[in-house]
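Chain and residue survey
So you can see what is in the structure, the chains are spelled out below.
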Amino acid sequence: MRRKIVAGNWKMNMDLSQTESLIDDLMKTLPESDAEVMIAPTFVNLYRAFELLKNNKIEVIAQNMHFEESGAFTGEISAAMLKSVGVKTVILGHSERRAYFGETDGILAKKVDTALKHGMEIVFCFGEELEDRKSDNHFNVVGSQLKNALFHLPADAWKNIILAYEPVWAIGTGETASPEQAQEMHEFIRKTIAEAYDEALANEVSILYGGSVKPANAEEIFGKPDVDGGLIGGAALAAADFGAIVKAI
Ligand code: PEP
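Before going into details, it helps to say that this report is about the structure given with it.

Here is what the cut-offs are and how they apply
- Residues numbered from 1 in each chain as written.
- Predicted model: local features only at pLDDT ≥ 70, side-chain atom pairs only at ≥ 80, totals over all residues.
- Heavy atoms only, no water.
- Helix = DSSP H or I, 4+ residues; strand = E, 2+ residues; numbered from the N terminus.
- Rg over C-alpha atoms; globule rule 2.2 N^0.38 Å.
- Contact = heavy atoms within 4.5 Å.
- Lys, Arg positive; Asp, Glu negative; His and termini not counted.
- Charge placed at Lys NZ, Arg CZ, Asp CG, Glu CD.
- Phe/Tyr/Trp six-rings, centres within 6.5 Å; stacked < 30°, edge-to-face > 60°.
- Pairing = 2+ DSSP bridges.
- Near = heavy atom within 4 Å.
- Polar contact = N/O pair within 3.5 Å; in protein donor to acceptor, adjacent residues only side chain to side chain.
- Areas by Shrake-Rupley, 256 points an atom, 1.4 Å probe, with all protein chains shown as cover.
- Nonpolar A, V, L, I, M, F, W, Y, C, P; charged D, E, K, R; others polar.
- Axes fitted to C-alpha atoms, helices over the stretch in contact; angles between N-to-C directions.
- Parallel < 35°, antiparallel > 145°, perpendicular 65-115°, else oblique.
- Left-handed = near helix turned anticlockwise from the far one by under 90°.

**Section: the overall build of the protein**
Helix and strand counts for the protein come out as eleven helices and eight strands. The C-alpha radius of gyration computed for the protein amounts to 17 Å, which stays within 12% of the reference 18 Å derived for 249 residues, consistent with globular compactness. Along the first, second and third principal axes, the C-alpha set of the protein runs to 45 × 45 × 35 Å. Taking the contacts inside the protein whose residues are at least 6 apart along the sequence as the reference set, 72% of them involve residues at least 24 apart. In the protein, which carries 24 positive and 37 negative side-chain charges, the distance between the mean positions of the two groups comes to 3 Å.

Structure follows, in structure tokens:
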């Protein structure tokens, strides 16, 4: 089912006491909304976040996981570990994971398979770099990222996939895709999924936009017909900004 979602990716920010205080602020100030609200604190604070948000609608999700089940993978976190503290949804394929930690489409396909095997939901991130857009190659890049990491999945698996289109040139740069650029790409993504599967499935997938979404631009971006919400980085670290973005949806 197509859903409205605002998800905050906290990245490598917020120690334990900062996590507690941001969650406290969010619980006190987040506006009522029909949209689903998710936050992704760092691994070490997931357990505490679940404790604090026990009776709250805000969903706690993870930023990453490894594709192996267990074993000699120092520093990594498995799907089973995430599930054991209550995580049901994991972000995979963030451009920072791709750029700084060598995560390829092939690795991501394995992570997707493992997450789905464990019954988890995935917020799958992808998007082109600035050079791709400048050379008018952005549709090709996005199409192949989807194909390589997701199109091996059976149609039934897509009920657990949320997409997050994040043009790399707009992440953490203050530069945002225009609402028209976001809509154009989201429409292309839906068309690409419809060609690989069918139109009904493509219309059911929630596609979030990510890349310098702020209170000032959220409403216009979320107003586009193929944009179902946002993945928010910097602005998710201040309750007032995140609340304003939730309100905008
Ligand atoms: C992100 O990290 O997914 C993101 C969109 O970051 P920012 O909002 O800071 O651009």
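Okay, back to it.
**Notes on the packing of aromatic side chains**
Counted by the stated rule, this structure contains seven aromatic pairs. An aromatic cluster is present here, built from F124, F126, Y165 and Y209 joined pairwise through their rings.

**Brief notes about the sheet that holds strand β3 (residues 59–60)**
Strand order in the open sheet formed by eight strands is β3-β2-β1-β8-β7-β6-β5-β4, and the pairing between neighbours is parallel. Two strands close off the open sheet at either side, each with one partner strand: β3 and β4 (89–92). Of the strand pairs in this sheet, β4 and strand β5 (residues 121–126) are connected by four bridges, and their pairing is parallel. Paired with L92 across the bridge in β5 is F124.

**Focus on the site of the ligand**
In the vicinity of the ligand there are 14 residues, among which K11, H94, E166, G172 and S212 approach most closely. The side chain of E166 places a nitrogen or oxygen atom 2.6 Å from an oxygen atom of the ligand. The protein chains hide 97% of the 290 Å² of surface that the ligand would expose on its own. Looking at the shell around the ligand residue by residue, the classes come out as four nonpolar, eight polar and two charged.

**Considering the packing of helix α10 (residues 215–222) against helix α11 (residues 239–248)**
Between α10 and α11, the least distance of the axes is 8 Å, while the angle of their chain directions is 20 degrees. Classified by the interaxial angle, the pair formed by α10 and α11 is roughly parallel. Crossing hand, α10 versus α11: right-handed. Packed against α10, whose contacting residues are P215, A218, E219 and F222, the element α11 presents D241, A244, I245 and A248 at the interface. When its residues are assigned to classes, the contact of α10 with α11 shows six nonpolar, no polar and two charged.

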